[in-house]
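Structure assessment
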Amino acid sequence: MGISLRKDNIICPYFVIGGVNRKEKIPSFPGQHRFSMDLLIKDIKELKALGINKILLFGVPDSKDRLGSHAYKNNNIVSLAVREIKKKFPHLIVFTDVCLCAYTSHGHCGIIKGQGSRVKGQEKFMDIKATLNALAKIALTYAEAGADCVAPSAMAKGEVAAIRKELDKNGYRKTKIMGYSAKFASNFYGPFRNAANSAPKFGNRQAYQLSYTDTESAIKKIENDINEGADIVMVKPALSYLDIIKEAKHRFRHPLAAYNVSGEYAFVKYGAKQGLWDEGEMIKEILTSIKRAGADHIITYHAKDIAGWLK
Ligand code: PBG
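Residues numbered from 1 in each chain as written. Predicted model: local features only at pLDDT ≥ 70, side-chain atom pairs only at ≥ 80, totals over all residues. Heavy atoms only, no water.

What follows deals with the site of the ligand. Near the ligand there are 16 residues, and of these Arg193, Arg205, Lys236, Ser262 and Tyr301 occur at the shortest range. Between the ligand and Arg193, the relevant distance is 2.7 Å, taken from an oxygen atom to a side-chain nitrogen or oxygen of the residue. Within the side chain of Tyr301, a nitrogen or oxygen atom sits 2.6 Å from an oxygen atom of the ligand. Within the complex, 100% of the 400 Å² of free accessible area of the ligand lies under protein. Residue classes in the shell around the ligand are distributed as nine nonpolar, three polar and four charged. (Near = heavy atom within 4 Å. Polar contact = N/O pair within 3.5 Å; in protein donor to acceptor, adjacent residues only side chain to side chain. Areas by Shrake-Rupley, 256 points an atom, 1.4 Å probe, with all protein chains shown as cover. Nonpolar A, V, L, I, M, F, W, Y, C, P; charged D, E, K, R; others polar.)

Enumeration over the complete set of coordinates arrives at 14 aromatic pairs. With a centroid separation of 5.5 Å and an interplanar angle of 75°, the aromatic rings of Phe29 and Tyr265 are classed as edge-to-face. A residue pair is termed long-range when its members are at least 10 positions apart, and Phe29 in the loop between β2 (23-25) and β3 (33-36) and Tyr265 in helix α9 (residues 262-273) qualify at 236 residues. Residue Tyr265 is classed as buried on the basis of its relative accessible area of 1%. Summarising the aromatic geometry, the rings of Phe188 and Phe267 are spaced 5.9 Å apart at their centres and angled 50° between planes, so their arrangement reads as tilted. (Phe/Tyr/Trp six-rings, centres within 6.5 Å; stacked < 30°, edge-to-face > 60°. Helix = DSSP H or I, 4+ residues; strand = E, 2+ residues; numbered from the N terminus. Buried < 20%, exposed > 50% of the residue type's maximum accessible area, 1.4 Å probe, protein only.)

See the structure below:
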């Protein structure tokens, strides 16, 4: 018997912006848009009609500052969207990304100590305590809005535990956590950074994301997040990291997600445009390989493209 991908393996990412009646194309991210809430609801309706029932929300705010404060103020765009989505589609499973990179003026994923430092080792670069406080606050805001699962992606040490504690303290024991556990400093994030307008303004993310040369740190980080209480752990990106997915599944037997990221998606789209391959066949092969490696959940921008042929 072969591997068969199912609709309930798929999570569809979305970018939400403020205002009304806005649907913006994203440079270098073919087929993807930023939606204002009203048009987001319309698109989710189409997704639901195709039988996909899980989404992952990213907010793209109009204004940014050093501390990323839009992310944790009341009535931030993601919370507003979650409330509206849950009103319209109470059974839709809503994941929300919890990070600061789209909200900070410098584009880094946490609250940073000083400009210009490119040191290795995240304690020297990030103010971990302030970052964990901010992330916990963001997660709580999303839980209050009705998110089913919050997904910390800042790679700040202790983020899963800090969020679990904050949620439990406030009576959100049932809200789940998906850790972006093994998140690599990757070249594959280009189109996403255009979408979220979140490219770092100086330095890079190597102080806090993992090196692709290092399997052991990735496995340790996954184990750490499971111990901190992650309900789902993630490997990101997916395609160049199938070995990590497989290893994580075998070692831990824990619910596992893989993020088929923006650069992987763009390869397929640009190649198909050049007539290099059949787009649908290529997507099937790629997503099946990610499931075959051991992913239970696949986050992919191809969700609407491929729903038609899945059971
Ligand atoms: C960072 C974040 C990234 C992505 C989602 N959240 C990566 C980054 O900019 O370092 C990338 C997702 C994609 O490429 O599809 N919080």
